[in-house]
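Listed below, chain by chain, are the residues.
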Amino acid sequence: MMKRPAGAARRPKEAEGVDYAALADFRYAIRRFLAFSEAAAAEAGVTSQQHQALLTIKALAGGQGIGIGTLAERLLLRQHSVVELVDRLAGAGLVQRAADPADGRRVLVTLTKDGETCLRSLSGVHLDEIKSIGPTLMAILADLQSHPSARPKDRK
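These numbers come from a predicted model, not from an experiment.

## Examining the confidence of the model for the chain
The predicted coordinates of low-pLDDT regions are not to be read in fine detail.
Then comes step 1: Mean pLDDT over the chain works out to 89, with 85% of the residues at or above the 70 mark.
Then comes step 2: The least confident element of the chain is strand 3 (residues 103-111), whose mean pLDDT is 92; the most confident is helix 4 (residues 79-91), at 98.

Below, the structure is given as structure tokens:
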């Protein structure tokens, strides 16, 4: 069973005085960014999930490689799904596998030069898009944070 993402609600909580417009704006902005990201990944010849895997490998591997289990945790996927994802990335020449020198039973995944090039290109356009939408997202988040429903309630 997959772990619940940090911050995920454990049980439904009814909110009072919710700023539904700000919540809707926030979700809309995120969905627009994700749609942009999917289109940019497709233009680069990878799926959005493959892009996220490349980004995670680069961020966490530190040049040493990342294990399948860690990659699965960060992508919120099951290990067997990540094995298939890594198979496709390796088939495209974007990643390579190697046995962990400290534990030969463990496989480490690293980016190839082509993987680095693909990720560098995608990261550039993503950073430009984030800079473009950043002020809007910051304003929405500020609205949500300043709304009375965001304040902790006094406990008796």
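Let's pick the thread back up.
## Notes on the pairing of strand 2 (residues 95-100)
Then comes step 1: Sheet analysis places strand 2 next to strand 3, joined by six bridges and oriented antiparallel. What sits directly across from Ala-99, in strand 3, is Val-107.
Then comes step 2: From the end of strand 2 to the start of strand 3, which pair antiparallel, there are two residues.

## Focus: the pattern of salt bridges
Then comes step 1: In this structure the tally under the stated criterion is four salt bridges.
Then comes step 2: Here Asp-87 makes a salt bridge to Arg-97, at a shortest N to O gap of 2.1 Å. With Asp-87 in helix 4 and Arg-97 in strand 2, this pair connects stretches of sequence that are ten residues apart.
Then comes step 3: In this structure Arg-97 comes out as partly exposed when scored by relative accessible area, which is 39%.

## Observations regarding the side chain of Thr-112
Then comes step 1: In this structure, Thr-112 sits in the loop between strand 3 and helix 5 (113-146).
Then comes step 2: Non-local contacts of Thr-112, meaning those with residues more than four positions away in its chain, are made with Gly-93, Leu-94, Val-95 and Gln-96.

## Regarding the nonpolar core
Then comes step 1: Leu-54, Ile-57, Leu-71, Val-86, Leu-89, Val-95 and Val-109 are the most contacted members of the largest nonpolar core, which totals 23 residues.
Then comes step 2: For this core, the secondary-structure elements that each account for two or more residues are helix 1 (20-43), helix 2 (48-61), helix 3 (68-75), helix 4, strand 3 and helix 5.
Then comes step 3: Residues in contact with Val-95, not counting those within four places in the same chain, are Leu-54, Ile-57, Val-86, Leu-89, Ala-90, Val-109, Thr-110, Leu-111 and Thr-112.

## Let's talk about the sheet that holds strand 1 (residues 66-67)
Then comes step 1: Spatially, 1-3-2 is the arrangement adopted by the three strands of the open sheet, whose pairing is antiparallel. The sheet is open, and its two borders are formed by strand 1 and strand 2, each paired with just one other strand.
Then comes step 2: Pairing geometry for strand 1 and strand 3, over two bridges, is antiparallel. Pairing of Ile-66 across the sheet is with Val-109, part of strand 3.
Then comes step 3: The strands touched by helix 4 within the sheet are strand 2 and strand 3, with strand 2 carrying the most contacts at an inclination of about 120 degrees.

## Digging into the side chain of His-51
Then comes step 1: As for its position among the elements, His-51 is in helix 2.
Then comes step 2: A relative accessible area of 5% means that His-51 is categorised as buried.
Then comes step 3: When neighbours within four sequence positions are excluded, His-51 is seen to be in contact with Ser-37, Ala-41, Val-46, Leu-119, Leu-122 and His-126.

Analysis parameters
- Residues numbered from 1 in each chain as written.
- Predicted model: local features only at pLDDT ≥ 70, side-chain atom pairs only at ≥ 80, totals over all residues.
- Heavy atoms only, no water.
- pLDDT = per-residue confidence, 0-100.
- Helix = DSSP H or I, 4+ residues; strand = E, 2+ residues; numbered from the N terminus.
- Pairing = 2+ DSSP bridges.
- Salt bridge = Lys/Arg side-chain N within 4 Å of Asp/Glu carboxyl O.
- Buried < 20%, exposed > 50% of the residue type's maximum accessible area, 1.4 Å probe, protein only.
- Contact = heavy atoms within 4.5 Å.
- Core = buried A, V, L, I, M, F, W, Y, C linked by side-chain atoms within 4.5 Å.
- Axes fitted to C-alpha atoms, helices over the stretch in contact; angles between N-to-C directions.

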